[in-house]
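Architecture at a glance
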Amino acid sequence: MQLLNHDLAHEYPQLVGKIRSLKLSSVRFQHLFEAYDEVNHAVTQLEQDGGAISDVAMEDLKKKRLKIKDDIYQMLIAP
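Bear in mind the structure is a predicted one, so any value in this text is a computation, not a measurement. (Residues numbered from 1 in each chain as written. Predicted model: local features only at pLDDT ≥ 70, side-chain atom pairs only at ≥ 80, totals over all residues. Heavy atoms only, no water.)

**Description of the overall build of the protein chain**
Keep this limit in mind: Per the convention used, a helix needs a DSSP run of H or I reaching at least four residues, while a strand needs a run of E reaching at least two, with both numbered from the N terminus. Buried residues are those whose accessible area, probed at 1.4 Å on protein chains only, stays under 20% of the maximum for their type, while exposed residues exceed 50% and partly exposed ones sit between those limits. Throughout, a residue-residue contact means that at least one pair of heavy atoms, one from each residue, lies within 4.5 Å. Computed with the Shrake-Rupley method and a 1.4 Å probe, the accessible areas treat only the protein chains shown as cover for residues. His is not counted, nor are the chain ends, whereas Lys and Arg count as positive and Asp and Glu as negative. Just so you know, the charge point we use is NZ for Lys, CZ for Arg, CG for Asp and CD for Glu.
In terms of helices and strands, the protein chain carries 4 helices and 0 strands. Going residue by residue from the N terminus, the α and β elements of the protein chain occur as α-α-α-α. Expressed along its principal axes, the backbone C-alpha trace of the protein chain runs to roughly 40 × 20 × 15 Å. Expressed as a percentage of its 79 residues, the buried residues of the protein chain come to 25%. Of the contacts made within the protein chain by residues no fewer than 6 positions apart, 67% connect residues no fewer than 24 positions apart. Just so you have it, the protein chain exposes about 5,500 Å², and 55% of that area is on carbon and sulfur atoms. Charge centroids of the protein chain, computed over 10 positive and 12 negative side chains, lie 7 Å from each other.

Laid out in structure tokens, this is it:
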């Protein structure tokens, strides 16, 4: 089964320049980016390895990833 790539460059290819810029200029964005990367990596590893995790715990991780992604997107579209 092929898994989707959820890194931010694949999620928002049209905003890669702004992602790079905010990573350099915004501490809040840096923290969100790192948190997203960490949770995304955990989800990806669990999906690939079939790790021992309950469906509820996996859904909680995915919801956390989505919340962080939403926060990042709001910063990306801000003027």
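**Quick word on the nonpolar core**
Rules: Grouping buried Ala, Val, Leu, Ile, Met, Phe, Trp, Tyr and Cys residues that are joined through side-chain atoms within 4.5 Å yields what is termed a nonpolar core.
Formed by 15 residues in total, the largest nonpolar core has its most connected members in Leu-8, Tyr-12, Ile-19, Phe-29, Ile-68, Ile-72 and Leu-76. For this core, the secondary-structure elements that each account for two or more residues are helix H2 (16-25), helix H3 (27-49) and helix H4 (55-77).

**Examining the pattern of salt bridges**
Cut-off, in case you're wondering: One side-chain nitrogen of Lys or Arg within 4 Å of one carboxyl oxygen of Asp or Glu is enough to make a salt bridge.
Taken as a whole and assessed by the stated rule, the structure comprises 3 salt bridges. Of the charged contacts, one joins Glu-47 and Lys-62 as a salt bridge, the two residues approaching to 3.3 Å between their closest N and O atoms. Of this pair, Glu-47 sits in helix H3 while Lys-62 sits in helix H4, placing them 15 residues apart in sequence. For Glu-47, a relative accessible area of 27% translates into the label partly exposed. For Lys-67, the salt bridge identified is with Asp-71, shortest N-O distance 2.7 Å. Separated by 4 residues within a single helix, Lys-67 and Asp-71 lie in helix H4, roughly one turn from each other. Given the relative accessible area of 49%, Lys-67 is considered partly exposed.

These values are about where atoms sit, not about what they do.
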